Amino acid sequence: MKKLLLFCFALMIYQLSRAQEKYPETFPVNGAWDVRPEQFAFINATIVVSGDQTITGGTLLIKNKMIEAVGAGIAVPKGYVTIDLKGKYIYPGLVDAYSTYGMPEAPRQAFPAGGFGGGRTSNPISTKAGAFGWNEAIKPEMSAKMVFHTNATTAADLKKIGFSTVQSLIHDGIARGTSVAVSLADDRDNFVMINDQAAANYSFNKGTAATNYPSSLMGTVALIRQTYYDAQWYKNQKEEYNISLDEFNKAQSLSQIFEASDPQSVLRAAKIGKEFGKQYIFKTDGQEYQRIDAMKGTGSAFIIPLTFPAPYDVEDALDARNISYAQLKAWELAPTNPGVMEKAGIKFAITSYGISNARDFWTNIRSAINYGLTEKQALNSLTITPAEMLGIADKVGTIAKGKIASFLITSNDLFKADNVIYENWVEGQQYVVSKMDITDLRGNYTLTGSGFTNTTIAIGGAPGTYDVNLSHTGADSTRTRGTITRTGDQVSIYFNLKGNPAGIIRLSGYIASASPITLKGIATIPDGSSVNWTATYTGPAPQGGGPGGPRGDAARPNVPVGPVIYPFVAYGNTEIPKAETVLFKNATVWTNEKEGILKNADVLIENGKIKAVGTNLSAGGAKVIDATGKHLTPGIVDEHSHIAATGGINEGTQSVTAEVRVADVLDAQDIEIYRQLAGGVTTSHILHGSANAIGGQTQLIKHRWGLLPEQLKVEGADGFIKFALGENVKGTNSGAGNQPNANLRFPQTRMGVEEVYVDAFTRAKEYKEARAIKGNNVRRDLELETLADIMDNKRFITCHSYVQSEINMLMHVADSMGFHVNTFTHILEGYKVADKMKAHRVAASTFSDWWAYKNEVAEAIPYNGKLMHDEGLIVAFNSDDAEMARRLNQEAGKSVTYGKMSEEDALKLVTLNPATMLHMENRIGSIKPGKDADVVLWSADPLSIYAVCEKTYVDGVPYWDFSKDADNQKRMKTDEARIIQKMVEAKNAGSATQRPAAARRRLYTCDSIEEENFVVKDAYTEMEKARAAASAESDDNNIKNQ
Amino acid sequence: MKKTILSLGGLLLGITLSYGQATISPAKPQSKPIVITGATIHVGNGQVINNGYITFDKGKITGIGEGSAPGTSGYEVIDATGKQVYPGFICPMTTLGLIEIEEGAKGTVDDVETGTYNPHVRSLVAYNTDSKVIPTVRSNGILLAQPIPNGGIISGTSSVVQLDAWNWEDAAYKKDIAVHLNWPSASAGRRGGRRGVAPETTTETPAQRAQKAVDELYTLFAEAKAYAEIAKPAVTNVRFAAMKGLFNGTKKLFIVADEAKQITQAVTFAKKLGIQAVIVGGKDSYLVTDILKENNVPVIIRETQALPEKEEDDVYISYKLPMLLQNAGVMYGLTGIGFWRQRNLPFEAGEAVGYGLTKEQALSMITLNNAKILGIDKTTGTLEKGKDANLFISGGDALDMITIDVQNAFIQGRSINLDNLHKQLYRKFAGKYGVKANL
């Protein structure tokens, strides 16, 4: 056994040892020094110097791993090993701008035993020893050069593709430290470093960091912003030493590379960049084509992958339902991305990152070329552009004197389907990808020898991947495909000519002569006897090969593709709809103004505004809609919603997270936006969840379907922030591991909740005073700044609340700390303290009839709205739920039953009143000339269960039209069917496929805690989660948690 | 110490609970014949009688028709001119009476037993007639319900109850009529989003995993069927004993299945075993109406007020589902979800009217159709002579939230107290503020 191990060890040493062992100057050497001249001359080559310049019949001289000369007509000095590359090409070695080559694997996240019930260990601050920052996800101190170690196997994989230089980064955390640019030479670590500080890297992914915060994307954005501010402050302070902030500052002069998956992520990161004067280079997932104008608008350069999705298994129509329209479209359009980027004039590099099968790299490049990427751009994106990004354009990226001798020798134009990369020279070191055939065997041959008559051998394919076909002519003609293997000058072929003669015949031979090519050897025939054979070249092989045809190019052919849709999801538009001038004739108009409900009235909208309300209005150029028997209302306003946000709705890891902003994580691709429109909802207030006493800043949006996240925001709206009281804040109902720090975070009682507010606002007050005196010498703190804004009436509170005691408490805290509660949301026991709320001028945004889903709503009653209304409060009904939101009109209708509210007042619960509590009553919430043209046409009384939402306008734009819905669906179905046909064809052509599994969107409510996105996938944690889910599943069989 | 706190908590809870219920007693048996006159009567089978009358005595309907009722002297007369009369609504799948507080009060939750195959656990015995939720649901015309067990693969056995009783024995309307089965799903994490994703270490596809579970069900049911044939088993198996009714037609198998493939598998399963099946949920049922129709398998739609499953789906697909099944000739009912939310059952039904159902079809969905599916249509579900007097009078259209106004309700002829905790709290605080309680 021991012997065997020793043997294995010896074998390993043998395999690792290099042809030439080089040592740095300062190293001791074991045995004789082996320093060689390393002078090579490559002659007669077509040298593609760069995307712009090609030299034919050129010579390339290299010496000591550097390029000494390149050009035509250069004489080869003595002492050079000369390599004749007649008919062959030389290209600059490729540069991969994004890789983790040579980096240690990221450690797995600690997941303690008992994770099933107990969750992760709670780490409010970093547990890393040393003078580092507080959050483990911010690790600018990580330096790739300190951990880099060459890896011959990984290097070989990249070299086979054609790369010779890569950026290598630590792919872990939000601030990921500095990366290196290294060559892939099979050499000592000391020799391959090209730039030890290539770039500073960032992402939105927390990676392995065990610190609780951030658990959401909005927390991540806040953390990045705060880090920039902290780093600025750090430069001028003398109180602490902080390696993380120090290194963060030092890395600012490098290229700043931000990994952001999709266009919305890119815009999110670009916004941070703008705030701090940073022009990031974005490494993405390659979906820029979905929002190309906006991508161009960032002014950034990109690093894009070639990870084009494989076609899905679509044969089973029911299973195919699991593939979303967006997935189908993305499959079809992904290969167009590089071409679209080029056309838009965006600077970009192409990376092999994310490609699991190396063969796909060239196939996908050719697909991209088929879809409009020029070869010149492709070459630039693989050479000089990434070199520039990594600050090494003076060393690699083109073939020029003084640069590193990294280049490719190919059989053909690099991007041709049958091109073969023969050799990849990396820093003057030869790496053979496919043995260079000085004699190309392709051609027709006459086979002679005892027993062979009228037999022709046709060798086709490409050098390195030859194929062979044999034919026997004459009365009994046959054709057959054989198998050919070439090893150096040795050639073996076997085939079965089916009777001429019978059985499998094996030829074993060698190249006997190069001009004309003659192969000779011994043939073994089925009876075991041997005969001599000779094959003599007669001419080039015909194109197309024999039976079975030529080996197909797997690249996607350039066939027409469908249009991009906005947003890139089902029901997206090919054209973004525009505002219309419309006259609604003869409607029942619910004005929400003193005119009340007008019968047989007309409403004119123009330029996104309501122009006139009256009778017998003249249409002019307006489109006329006969609204006889129908009802026109203002668009519905939802005061409490969690749609259209991504990456988690709760940053519940701390009790105060005033710094996080829903504004940073809007998702304009959420199908719920479209569904809200189909329910007459035009404006939604997107809130942070209710996991903590002071949650995040909210965002008011209009449902402008098809526009960008920033464009959803209601211009000039006052800012709000979410507060929360009660069971959620106490963590009462969390368990089964879905809240990371259950039973650890203060507060655990309503007593503690009060103190959270007192403490937070006390600190904020002191902060405000200090800033007033010392200005920027006081560290800018985004959390305290937000709280100070509240005290200055620059930001307003909407507070999740249930029972009377806590409602009363917060109003008292507000009085004592000098702030005002704008709105209590949910407020199901508001009816018990409506008089006190009235005295404090607090608005109430409640549910119509929800109760009994937890103990703090045991006395929630459907008469709550009516009682508060009668007491003189501004009352709204909200949804907190994507489903309920799209029938808020019905929820308002319930107040007509429970408490007999007038219909006019009832509709205001979901229109004017929420608009008022959001300080938007001058723009939305009623039908009045000058206000926004956010209007809804209903088939019947809008409060009735029988009312169908027929048309919804936002700013005069018709975003929903029931009469067109059937056509829209049909169009989508047709497009789906077309793409599915294409997929089946792709599959039949031999493409690998993937199983349908749509990533369905998660619906958020107040309680939603989302961590999954930010935790490194690990089989063990996944299993624990599945178990926890299975157990949780059984008790959440129906009710959504409010 | 902990115990003391717990019992103290229990005591406090007890006081709160007693508040609402103390004055709401179950009604006494019908003591004299009653006639309701001048009403618009919705029979439940599609028929509407304008200016109609209905008489009932000793809990049974004795007459129904247009105009004035013959021979009703000595009857208690309820003038319902301008009002609507409906059969009591039936909620076929609910946790009403099994859960009092959904979250954070585990002690009040009795719908999920531990274990995978629990056909023997019976929801009836856990049904709490004193739940303060029940009167709030009853106030909107829901007079009968089937509280059902959840969880596991076979969740248990259920009974139909009437919603005005002193205890579960009184409440029982038809006992132990259904066994509940959750059909295995091939699409991972369907309900819980990403939470339900299985570990990536497994090489099984979701479809293979689901098929394994289905195979296991075939084995289990084959054994249960064989067991049912044994007159006196040497060793009693309470699980198989509870399943016996499935094979002699006294129990139906309620199978929770939303996806098209699940539904197809479930229907085939029931057919092979000779079991009467009911599909519960049936979100995709409109895609597989043929097999449902061919095998006479009805669907209980869980809710119309739901979001579509897939981004590509018709935004109103859930609203349209009843119409799609109606047009395809599939038998369907509607249940609504949860327990307290069942007071919205009439609106869940009304929702379908804007999307292709007639009002009377929508009504049948929560009366006659549900009664048929539960197997109680001989005694309830419509207003027909001989059936139980399970009915109510509403001031307006009871399927619409702006008009529903349940003024009188009768279960087996007994005049039900329509007060509830919410009305009481409304009166209490209207009193505090000196405003009128508009009930």
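None of these values were measured; they are calculated from a predicted model. (Residues numbered from 1 in each chain as written. Chains lettered and ligands numbered in written order. Predicted model: local features only at pLDDT ≥ 70, side-chain atom pairs only at ≥ 80, totals over all residues.)

### Section: the sheet that holds strand E32 (residues 681-686) of chain A
Residues and elements named next belong to chain A. Across the sheet, which stays open at both edges, the 3 strands sit in the order E31-E32-E34 with mixed pairing between neighbours. Each of the sheet's edge strands pairs with one partner strand only, and the pair in question is strand E31 (636-641) and strand E34 (699-702). For this sheet the average axis-to-axis angle between neighbouring strands, irrespective of direction, equals 20°. Both E31 and E32 contribute to a ladder of 4 bridges, which runs parallel. In the strand pairing of E32, Ser-641 is matched with Ile-686. (Pairing = 2+ DSSP bridges. Helix = DSSP H or I, 4+ residues; strand = E, 2+ residues; numbered from the N terminus. Axes fitted to C-alpha atoms, helices over the stretch in contact; angles between N-to-C directions.)

### Topic: the domain arrangement of chain B
Residue and element names in this part refer to chain B. Partitioning chain B into structural domains gives domain 1 (17-88 + 382-439) and domain 2 (97-380). With centres defined by C-alpha atoms, the gap from domain 1 to domain 2 works out at 29 Å. Each partner contributes to the interface: domain 1 provides 36 residues, whereas domain 2 provides 29 residues. Contributing elements (two or more residues each) for the side of domain 1 that touches domain 2: helix H1 (2-21), strand E5 (84-87), strand E14 (391-394), strand E15 (406-411) and helix H12 (421-433). (Domains from an automatic or database assignment. Contact = placed C-beta atoms within 7 Å.)

### Regarding the environment of Val729(A)
Residue and element names in this part refer to chain A. Within the fold, Val-729 resides in helix H18 (residues 727-730). Along the backbone, Val-729 and Ala-693 are 36 residues apart, and their C-alpha atoms lie at a distance of 5.8 Å. Residues in contact with Val-729, not counting those within four places in the same chain, are Ser-690, Asn-692, Ala-693, Ala-724, Pro-747 and Val-753.

### Examining the domain arrangement of chain A
Residues and elements named next belong to chain A. Domain boundaries in chain A define domain 1 (94-108 + 129-417), domain 2 (443-539) and domain 3 (636-924). Distance between the C-alpha centres of domain 1 and domain 3: 39 Å. Taken together, the contacts link 19 residues of domain 1 with 25 residues of domain 3. Counting only elements with at least two residues in the side of domain 1 that touches domain 3, the list comes to helix H6 (217-235) and helix H8 (263-275). Considering every element that reaches the side of domain 1 that touches domain 3, the biggest residue donor is H6, with 10 residues. When its residues are assigned to classes, the side of domain 1 that touches domain 3 shows 10 nonpolar, 6 polar and 3 charged. (Nonpolar A, V, L, I, M, F, W, Y, C, P; charged D, E, K, R; others polar.)

### As for helix H8 (residues 317-328) of chain B
Residue and element names in this part refer to chain B. Within the span of H8, buried status applies to Ser-318, Tyr-319, Lys-320, Leu-321, Pro-322, Leu-324, Leu-325 and Gln-326. Buried-residue contacts for H8 involve helix H7 (289-294), strand E12 (299-301), strand E13 (332-334) and helix H10 (359-365). Positioned one or two residues after H8, Gly-329 has a phi angle of 80°, which is positive. (Buried ≥ 20, exposed ≤ 12 C-beta atoms within 10 Å, placed from the backbone.)

### So, the nonpolar core
In a soluble, globular protein the nonpolar side chains are often hidden away together inside. With 380 residues, the main nonpolar core has Ile90(A), Val603(A) and Ile255(B) as its most contacted residues. No other element matches the 8 residues that H6(A) contributes to this core. With residues near it in sequence (within four places) discarded, Ile90(A) still touches Phe42(A), Ala45(A), Ile47(A), Val48(A), Leu60(A), Leu85(A), Ile399(A), Phe407(A), Leu408(A) and Ile409(A). Core analysis: the next-biggest nonpolar cluster, separate from the first, contains 21 residues, Ile459(A), Ile484(A), Val491(A) and Tyr537(A) among them. (Core = buried A, V, L, I, M, F, W, Y, C linked by C-beta atoms within 7 Å.)

### Remarks on helix H25 (residues 888-897) of chain A
All names here are of chain A. For H25, the buried fraction is high: 10 of the 10 residues fall into the buried class. When we look at burial in H25, the residues that qualify are Leu-888, Asn-889, Gln-890, Glu-891, Ala-892, Gly-893, Lys-894, Ser-895, Val-896 and Thr-897. Two residues or fewer past H25, Gly-899 is found with a positive phi of approximately 105°.

### Some words on the sheet that holds strand E35 (residues 719-724) of chain A
Residue and element names in this part refer to chain A. With mixed pairing, 6 strands are arranged side by side in an open sheet as E33-E35-E36-E37-E38-E39. Two strands bound the open sheet, and with one partner strand each, they are strand E33 (694-697) and strand E39 (875-877). Averaged over all adjacent pairs, the angle separating strand axes in this sheet is 25°, with direction ignored. Of the pairings in the sheet, the one linking E35 to strand E36 (residues 795-801) comprises 6 bridges and is parallel in character. Its bridge partner lying in E36, Gly-719 is registered against Arg-795.

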